[in-house]
Structure formats: structure tokens, C-alpha cells
Amino acid sequence: MYGKTTEVSVANETRKQYQTLRYFPADNRKYCYTLKVTSRTRYLVRATFLYGDFDKNNVYPKFDISLGATHWATIVISDADTIEVQELIILASDPTISVCLSNATTGQPFISTLELRQFNGSVYFTQYESQFYLSVSARINFGAESEAPVRYPDDPFDRIWESDSLKKANYLVDVATGTEKVSTPMPIDVSIDERPPQKVMQTAVVGRNGSLTYRLNLDGFPGFGWAFTYFAEIEDLGPKESRKFRLVLPGMPELSKAVVNIQENAQGKDRLYEPGYPNISLPFVLSFKFAKTIDSSMGPLLNAMEINKYLKKNDGSLDGSVIASVVSLYSSADWAREGGDPCLPVPLSWLQCNSDPQPRITKMKNYLNCFAYSMVLVLSKLSGKNLTGNIPLDLTKLSGLVELWLDGNFLDGPIPDFSGCKDLEIIHLENNQLTGDMPSSLAELPNLRELYVQNNKLFGKVPSGLLDKNLVLNYTGNVNLHKGGNKGSNSKIIIGSSVGAAALLIATIASCILMQKGNKKYSKKDQIERTMPSQRLVSSLGDAAKEAAHCFTLSEIEDATRQFERKIGSGGFGIVYYGKTNDGKEIAVKVLTSNSYQGKREFSNEVILLSRIHHRNLVQFLGYCQEDGKSILVYEFMHNGTLKEHLYGPQTLDRSINWIKRLEIAEDAAKGLYYISQQLTDKSDVYSFGVILLELISGQEAISNESFGVNCRNIVQWAKLHIENGDIQGIIDPALRGEYDIQSMWKIAEKALMCVQPHGNMRPSMSEVIKEIQDAISIERGAEAVREGNSDEISRHSVHSSLYMGSQDLGASDHYLSIDDSIARPTPR
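Residues numbered from 1 in each chain as written. Predicted model: local features only at pLDDT ≥ 70, side-chain atom pairs only at ≥ 80, totals over all residues. Heavy atoms only, no water.

Caption draft 1: Structural view of the overall build of the protein. Helix and strand counts for the protein come out as 15 helices and 41 strands. Expressed as a percentage of its 829 residues, the buried residues of the protein come to 51%. Across the protein, every contact between residues at least 6 apart in sequence was considered, and the portion connecting residues at least 24 apart equals 66%. Counting only carbon and sulfur atoms, one obtains 50% of the accessible surface of the protein, whose full area is about 39100 Å². (Helix = DSSP H or I, 4+ residues; strand = E, 2+ residues; numbered from the N terminus. Buried < 20%, exposed > 50% of the residue type's maximum accessible area, 1.4 Å probe, protein only. Contact = heavy atoms within 4.5 Å. Areas by Shrake-Rupley, 256 points an atom, 1.4 Å probe, with all protein chains shown as cover.)

Listed below in C-alpha cells is the structure:
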């Protein structure tokens, strides 16, 4: 079993399953649990996560969870003492399923519980279940008598029915006046297989004033989902009393004009009626209303609700069955127990995969192989794995294979026919116990350039086709294997390519050594003269002359910083020091922490990327140093201080930055981030920018290292609580003294909340954020003109004169559209 277990101490948490957890390294591997299931059977798969600050790292973890090849969710921990729950409803198609943790962005992946619950019969049947899972977004028990959820034994399937009394940010808010909880001790007649638990159906909410209104966030949406409501008439209605109502949704086309009459639809009192939509498009923030009809004497009633999102299944890598067959031969081996799809969400540790939607395996390589392959699949790290028996014939079915490394094992038998693997370039089979002839089919591989079969028990003649090919060939150590056919020219090819590779390696090492020694020959004066005008990268960074940064020596850095005397900042990636070079240029020197980079390659890539970035809104990158185990980045020094110092540092004692200036700072910063995203063809960190926007609004500090720790999460949760409850005044910086337009403030606050959504696909692009900031600036300038009495400026910005109304009045019927039969009709299950 991978990972380590540890105990967790959380106040008031007495449940045994949440007092321990298992955590895993934050590396590029995936860590999987494999569960046995019955094929063609539906299951509820539930994973829970209670952080409890188990690692004492002061950084909230963020990582991915997958079911097989399908990305299930990104786990974003925002509170150490809150349990994060993820649930999937699946139709099993194989005898096992794998649940995998991977791709840690911050902290370490961990898991508290993993549960599997089997359903009966046709519960949760959908016509799309062969292509989609159901991801649970909401399962609500309305009228609950406490905050405790209802689950097993009340629910035989151990579904968790959350109480509507539980208070969460933007969850079941905008409750209509006159909403009242009701309950009954009478048994409720529910169906045998498809029932919500009776305990859930014995409670409800009633709209005494004629309506029930709610607003809630739906995890994973917008998208298509499965939504059902559950009704049972649990009040005693008089002979002349009736309860009829409709579902209406704000801002959506008509979906249904059907009137709910619970007793009539359920054919009696205390009986279940469950209308719903098996496929409906829903937004992230769902507002809904049940409103009584004109001829109804009683307001609407609601017992429970379930909403699930359709999660598209990923079919996985095309070579999955082949690898499963290979793994089955070595099921007791540590490397064979990793589990999950061979390539998704990340490859097995001994594979590399291409980037196709359905990846292929291209390489099995040696642990010491250093080459980077971006578009190949590598079956790679089976060197020295104590493999026995014949080379698995299934490997010959890997049509995309580029490299095969099986050296240093105990494999015997013949070399199989790899002629179906047309892309094979490198084969390493040395140091085994292979027997038989060398297959002539190896010579037919059009791209083969390296073949190593030395130190085996092969016999016969080396095929002439191999000797005629321009490749590196080593067959020594096979006593009974002899060269045949043309040999003169080919021996030169073999020797030449081998020597060439060695010479290249020696030249690379020598250039590094000579560069280090050469630097020591120069006086400090010579070094400083070479410092600023020249820009070079050592050979480990490659030849990138146009984009190269300057390489500082460690002695230059130490002299400039006076042995790292003055610390001017710190973060999750390192400490920043003030420095001044001999020519008087002031610099900021960031000394990276040892765990910030996994090695020279990562640091080299970072330097090359930073060297490409030149923008007036970004601090200029000057160079780097990598010496004596230190990795250092050098930037220009900014005299005016940091945004932090101006917002809540000593400078605020004299005067604070006004709102319009804060908006302009936000615009400049956003443009800088947008530039980075365009240069690197990657999405910049919108989440971190959302935190900056909240800082600008509130003047409160998110003590944010680059990996975003506890206090960063706290400012997000604190701000969300106020903003989603319509209380923006509760977070506005008092230092602004009311000199702002409330509409521009709301615009930025709402965009900040969108930026800090837990899932990346819910966040806006940086270009959208820039547009919103520019609109807010326009609004603010118009308001500023009003304050100063400039009528021309007012007229130019009159388009923005409407007021932000906060939460909509859900009782106003104008906001709702009734539902059209032609688009969708609610169906009882």
C-alpha cells in the first residue's frame, strides 16, 4: 500500500473514520485504490476528505481525484475542520474500479474515507449511463428538524440527505417569507426500490404565503443534469382545501406548465410522488420557486430534492487492455499494483503517454533515461524490475510504442516479432537470459536506431538487415551469436554513433566545468563588467540565445547582497533579499527553497520562460544563479514598495490608496497576467488574482505565499460569506471613507468570487476579468464626475447608471418563466 497514515485531531469530531487519514507524496504519480464490483450493477462511490492540518504545513491541499481514466473532481480544501465530500453514481462495466489521487497543486493528496454502496434494481437508471456518470451536486432533506444528515440505517443505500437547516455560503438562501417546517409521525408509502428514506419524506417545508423560493450553488455546473423533487402530502387538508402549485425558474425558457397536485398525483395522502427531469440544463447558481396556482387554497409543499450532474466518461488509453494483460503476469510486483488507467489522469510511473484524447503507449524506458518526450507514449521503467518468463507477447500489440526498456531482468525465451510496432526507435533487452535467434523482423522496423541485446544467450547469426542499417547495435556477450554478411561499413556506423554520443556528453560536461573554472579566473571587476551587458545560459539550459537570461555567479550574488544581509520579502517559493551590483544597479534576489524545484530541468525551464516575458506591468527578470545547490532568480528592485505595503503597511498611516487607483492597479496587474498567459500559451492563475481583488476591496491581507496557504483561504471564505448574503459593506475597507460607487464595488466583488471558484472551469478568463475591471473604472469615473459636478463626464457614463439590486426578490413573478411542454416534461421515476 502506498502512502502513509496519520492521526487527525479535529475539535468535536468523534467519528472513528475521521480520526485518521492516508496521505501521499506530492509528485507526478497517481495513487489508486482498486475496488471489486459486479459488472452491470449500479453503485454509489463516495470519497471524503477531512484535512485537520495533518501535515502542519499551513497550506491547504488542492489535488485531483479520478475514477479510472475519468477526471472526477478537483479537491479544494478551504477549511481544516470541514469534511469535503464527493459522490458518483456509476454503472460498473468491469469487475473492478480504480479511484486515484494525483496532480497536487498545493499540499499533499490525502483521503479520509472511500465508500462503495450497491444499489438495487433500476435505481438511478438513465438512458445515458453507458457514457456518463452521475456526479452528486445536491441531495436535500427539506423541513429537517436538526442540522444532522439522514443516512444509513434510515437510508438503506447510505445516501447522505443534507439538512436544509445546515448553513453554508450561498446554499439554500433567499428563503421566502412564510416558509414553515412541518412533519408527521405517520408512515409514508414509498416505492420499494426507488425510495428516498421514509424519515426524509416525513418532513417538509410549506409556503404559507403562497410560494417557496430558494437559491443554491450547484457543484460542477453549469451543464446538463438529472433533477428530481420528492413530494408527499403530510398535512391534513380540509374538504374545501386544495394544494396546487407550479415550479418556475428565473431567466430560463419555459420547461413545463404542469401543475403539481400531490394527493392527486400520488393517488392518496402520505404517498410519494417524484416528478423530475432526467436531462436538464442547469446553471451554477440555481434559483427556483414553487408558486401556488390561483385556485389553490394552500401554499406549495416540498419534502426533498436531488440534483446530479452528468459527468462524461473517458474511455481511457487505447492500450489499456494490453497493459492490464502484462500487469496480470506480475500482479505481486510493487510496480504492477499502481492501478488505474495506464495513461490517465497521469501515466503509470513506468510509462509515458502521448497527448491524444485516447492516449497510446509509446515507450517503456530505463529509470536513467533523461530525454524528454512530449508527444510519445513510453513503456519505460521496467528495467531491473525482476521480470521473469518470456517477454509478454501483448507488448507487440502496442502499435504506438517508441522505446522499449526491459534490460536487467531475468527474461528468457525468444525475442518476439515487433514488426507491428512501426514507431519503435529504441530497444533495450540487454542483461537478460534470452535465447533463440535474433528475429530478422527487427531489421524491418523503419525507425529503429538503437538495439541493445548484449549479455543474453542468443545464438545464430545477426541478421544482415540489421548490420546494413544505420543504428547503434550491441550484441556482445552472446557467446553463440555471430556477425554475418556485410560488416565493414556497419562497424564504422556503430562505432561512430557511439563515440559521437559519448563526445557530445563529454563536451556538455566539460563546458559546464570550464565555465565554472573560467569564472574563477576573472577578477571581481571583470565579473561585474560581464554581468549586465551579456546574457548567456549555461549549457544545461540549452541554446536559447534570443531569450537567454544572464548567469550570475554565486560570489556576485553574495557581494551584491552583502551575504544576504537585508531580507525584503518571503513566500512559499523562497526568500527575497535586497542587493546592489558594483555598477550601482539595485536588484531583488529570490533564493528558492530547496523543495521549490524538483531538479535542474525544472529550474532551467523556469529561467527560459521568465526570459521570454517582457511587459511594462511586470517586474523585469534580470538573471539567475545555480551553484553550490542554490537556485536563485534575480529581478529589478522596485523602489515604491509592494501593493501590500500600500494597502496595509506602514505607508497607510499617512494615506491609503483610493478606490479608483486600486482599480487601475488591478487593471495593470490583470494585463500583466494576461500577457503571461499569452506568452506561455497557458491559463494564468485566475484564482490568485481573485484573492488580490478581495484584498483591494477589503484592505485585508491574505498572507499568501505562492502556494496559497491558510490565511488566503480564510479571506476568500470570509468575503464569500458577506458578498453572497448581500452584505458588501461588511468587507469594504473603512480607509476608503465611502468614496466609491457601490455599483463598481459590486462588479469587482462578484468577479472576484467567480475567480476563486473551486474548479478551474468555473473561473473566467483573464480577458473577461480585464473587461469587468475596465467597466468598473468607467463607472467609478462617472461617479467621481458626479461628486465633482462635471455634467459632461456624467453623460458619457450614463449607460452605467443602473443600480445593483443585490439578491433578486424571488417573490416577484416577473423574474420567473413557467415551463413549456415542448422543451421538457417532468417525469415521475
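Caption draft 2: Seen up close, the packing of aromatic side chains. Scanning the model with the defined rule gives 27 aromatic pairs in all. Plain terms: the ring middles of phenylalanine 24 and tyrosine 31 are 5.2 Å apart, the flat faces sit at 20 degrees to each other, and that makes the pair stacked. Here phenylalanine 24 falls in the buried class, since its relative accessible area comes to 2%. Between tryptophan 226 and phenylalanine 228, the ring centres sit 4.5 Å apart and the planes meet at 35 degrees, which makes this aromatic pair tilted. On the basis of relative accessible area, tryptophan 226 is assigned to the buried category, the value being 1%. The structure contains a cluster of three or more aromatic residues connected by ring pairs, namely Tyr23, Phe49, Tyr51, Phe54, Tyr60, Phe63 and Phe110. Taking the ring centre of tyrosine 171 as reference, the NZ or CZ of lysine 168 above it sits at 4.1 Å. Geometry around phenylalanine 132 places lysine 312 over its ring, the cationic atom sitting 5.8 Å from the centre. (Phe/Tyr/Trp six-rings, centres within 6.5 Å; stacked < 30°, edge-to-face > 60°. Lys NZ or Arg CZ within 6 Å of the ring centre and 35° of its normal.)

Caption draft 3: Local environment of the pattern of salt bridges. Under the defined criterion, the tally for this structure stands at 33 salt bridges. Arginine 243 is paired through a salt bridge with glutamate 235; the nearest N and O atoms lie 2.8 Å apart. Taken individually, arginine 243 and glutamate 235 each receive the classification buried, so the pair is uniform in this respect. In this structure, the salt-bridge partner of aspartate 295 is lysine 244, at a minimum N-O distance of 2.9 Å. Of this pair, aspartate 295 sits in the loop between β20 (285–292) and β21 (301–302) while lysine 244 sits in the loop between β17 (223–230) and β18 (245–250); the two residues are 51 residues apart in sequence, bridging distant segments of the chain. The class of lysine 244 is partly exposed, set by a relative accessible area of 23%. Three or more residues joined by partner-sharing salt bridges are found here, namely Arg46, Glu87, Glu115, Arg117, Arg139, Arg151, Asp158 and Glu306. (Salt bridge = Lys/Arg side-chain N within 4 Å of Asp/Glu carboxyl O.)

Caption draft 4: Up close: the packing of helix α11 (residues 686–698) against helix α13 (residues 742–755). The geometry of α11 relative to α13 is characterised by a closest axis approach of 8 Å and an angle of 150 degrees between their N-to-C directions. For the pair α11 and α13, the crossing hand works out as left-handed. Contacts between α11 and α13 involve Val686, Tyr687, Gly690, Leu693, Leu694 and Ile697 from the former and Met745, Ile748, Ala749, Ala752 and Cys755 from the latter. Looking at the contact of α11 with α13, its residues break down into ten nonpolar, one polar and no charged. (Axes fitted to C-alpha atoms, helices over the stretch in contact; angles between N-to-C directions. Left-handed = near helix turned anticlockwise from the far one by under 90°. Nonpolar A, V, L, I, M, F, W, Y, C, P; charged D, E, K, R; others polar.)

Caption draft 5: Seen up close, the environment of asparagine 308. Within the secondary structure layout, asparagine 308 lies in strand β22 (residues 304–312). Sequence separation between asparagine 308 and glycine 220 is 88 residues, and the spatial gap between their C-alpha atoms is 9.1 Å. The residues touching asparagine 308, leaving out its near neighbours within four places in the chain, are Ile89, Tyr124, Leu134, Ser135, Val136, Ser137, Phe221, Gly225 and Trp226.

Caption draft 6: Molecular detail of the sheet that holds strand β2 (residues 20–23). Read from one edge to the other, the open sheet built from three strands follows the order β1-β2-β9, with strand pairing classed as antiparallel. Strands with a single pairing partner mark the edges of an open sheet, and in this sheet they are β1 (4–7) and β9 (110–111). Bridge count for β2 against β9 is two bridges, and the pairing is antiparallel. Residue pairing across strands places tyrosine 23 opposite phenylalanine 110, the latter belonging to β9. (Pairing = 2+ DSSP bridges.)

Caption draft 7: The sheet that holds strand β5 (residues 62–67), seen in detail. If you trace the four strands from one edge of the open sheet to the other, you get β3-β8-β5-β6, paired in antiparallel fashion. With one partner strand each, in any of the chains shown, β3 (31–36) and β6 (70–76) form the two edges of the open sheet. Ignoring which end each strand starts from, the neighbouring axes of this sheet average 20 degrees apart. Sheet topology note: the β5/β6 ladder contains six bridges and is antiparallel. Within the sheet, the bridge partner assigned to aspartate 64 lies in β6 and is threonine 74.

Caption draft 8: Just the pairing of strand β38 (residues 586–592), in detail. In terms of residue burial, β38 counts as a mostly covered element, since six of its seven residues are buried. Pairing analysis gives seven bridges linking strand β37 (residues 574–580) to β38, with the strands arranged antiparallel. Bridge pairing in β38 places lysine 580 opposite glutamate 586. The loop that links β37 with its antiparallel partner β38 comprises five residues; one of these, glycine 584, has a positive phi angle of about 90 degrees. Bridge count for β38 against strand β40 (residues 630–636) is five bridges, and the pairing is antiparallel. Across the sheet, the residue bridging to lysine 590 is leucine 633, located in β40.

Caption draft 9: Representation of the nonpolar core within the structure. Formed by 55 residues in total, the largest nonpolar core has its most connected members in Phe142, Leu216, Phe288, Leu302 and Ile307. Within the second largest apolar cluster, 41 residues are counted, among which are Leu351, Leu404, Leu411 and Leu458. (Core = buried A, V, L, I, M, F, W, Y, C linked by side-chain atoms within 4.5 Å.)

Caption draft 10: Structural context of the state of the cysteines. For the coordinates displayed, the defined rule picks out two disulfides. Cysteine 32 shares a disulfide with cysteine 100; S-S distance 2.1 Å. Between cysteine 32 and cysteine 100, the S-S dihedral sits near 105 degrees, and the bridge is therefore right-handed. In this pair, cysteine 32 is assigned in strand β3 and cysteine 100 in strand β8 (residues 96–106), connecting sequence segments 68 residues apart. (Disulfide = S-S within 2.5 Å.)

Caption draft 11: Just unusual backbone geometry, in detail. In this structure, the amide linkage connecting phenylalanine 221 to the following residue, proline 222, adopts the cis form with an omega of 10 degrees. Relative to the helices and strands, proline 222 is located in the loop between β16 (211–217) and β17. Residue proline 345 follows leucine 344 across a cis peptide bond; omega there is 0 degrees. Along the chain, proline 345 turns up in the loop between α3 (320–328) and β23 (352–353). Here arginine 40, not a glycine, exhibits a phi torsion of approximately 65 degrees, which is positive.

Caption draft 12: Just the UniProt feature "binding site: ATP" (unreviewed entry) in the protein, in detail. In the numbering used here, UniProt assigns the feature "binding site: ATP" (unreviewed entry) to Lys590. Looking at the secondary structure, you find lysine 590 in strand β38. (UniProt positions renumbered as here; feature names shortened; annotations may be inferred.)

Caption draft 13: Local environment of the side chain of asparagine 456. Relative to the elements of secondary structure, asparagine 456 occurs in the loop between β31 (450–452) and β32 (457–461). A relative accessible area of 6% means that asparagine 456 is categorised as buried. One polar contact links the side chain of asparagine 456 to the main-chain amide nitrogen of leucine 434, over a distance of 3.0 Å. A polar atom in the side chain of asparagine 456 sits 3.4 Å from the backbone oxygen of glutamine 454. Sequence-distant contacts of asparagine 456, defined by excluding residues within four places in its chain, comprise Leu429, Glu430, Asn431, Asn432, Gln433, Leu434, Gly477 and Asn478. (Polar contact = N/O pair within 3.5 Å; in protein donor to acceptor, adjacent residues only side chain to side chain.)

Caption draft 14: Spatial organisation of the confidence of the model for the protein. Considering every residue of the protein, the mean pLDDT works out to 77; 74% of them sit at 70 or more. Predicted confidence in the protein is weakest over strand β41 (residues 816–817), with a mean pLDDT of 32, and strongest over strand β15 (residues 203–207), with 97. Counted against residues more than four places away or in other chains, residues 365–381, with its pLDDT under 50, gives 75 contacts. (pLDDT = per-residue confidence, 0-100.)

Caption draft 15: Representation of the pairing of β18. With five of six residues buried, β18 lies mostly within the body of the structure. With four bridges joining them, β18 and β20 adopt antiparallel strand pairing. Each residue of the ladder has a partner; that of valine 248, found in β20, is lysine 289.

Caption draft 16: Local environment of α13. For α13, with 14 residues, the first-to-last C-alpha span of 20 Å sits near the 20 Å given by 1.5 Å per residue. α13 sits mainly inside the fold: eleven of its 14 residues count as buried. Among all positions in α13, only Gln743, Ser744, Met745, Trp746, Lys747, Ile748, Ala749, Lys751, Ala752, Leu753 and Cys755 are buried. Two to three positions downstream of the cap, the backbone nitrogen of glutamine 743 sits 2.8 Å from a side-chain oxygen, assigning the N-cap of α13 to aspartate 741. (Expected span 1.5 Å × (residues − 1).)

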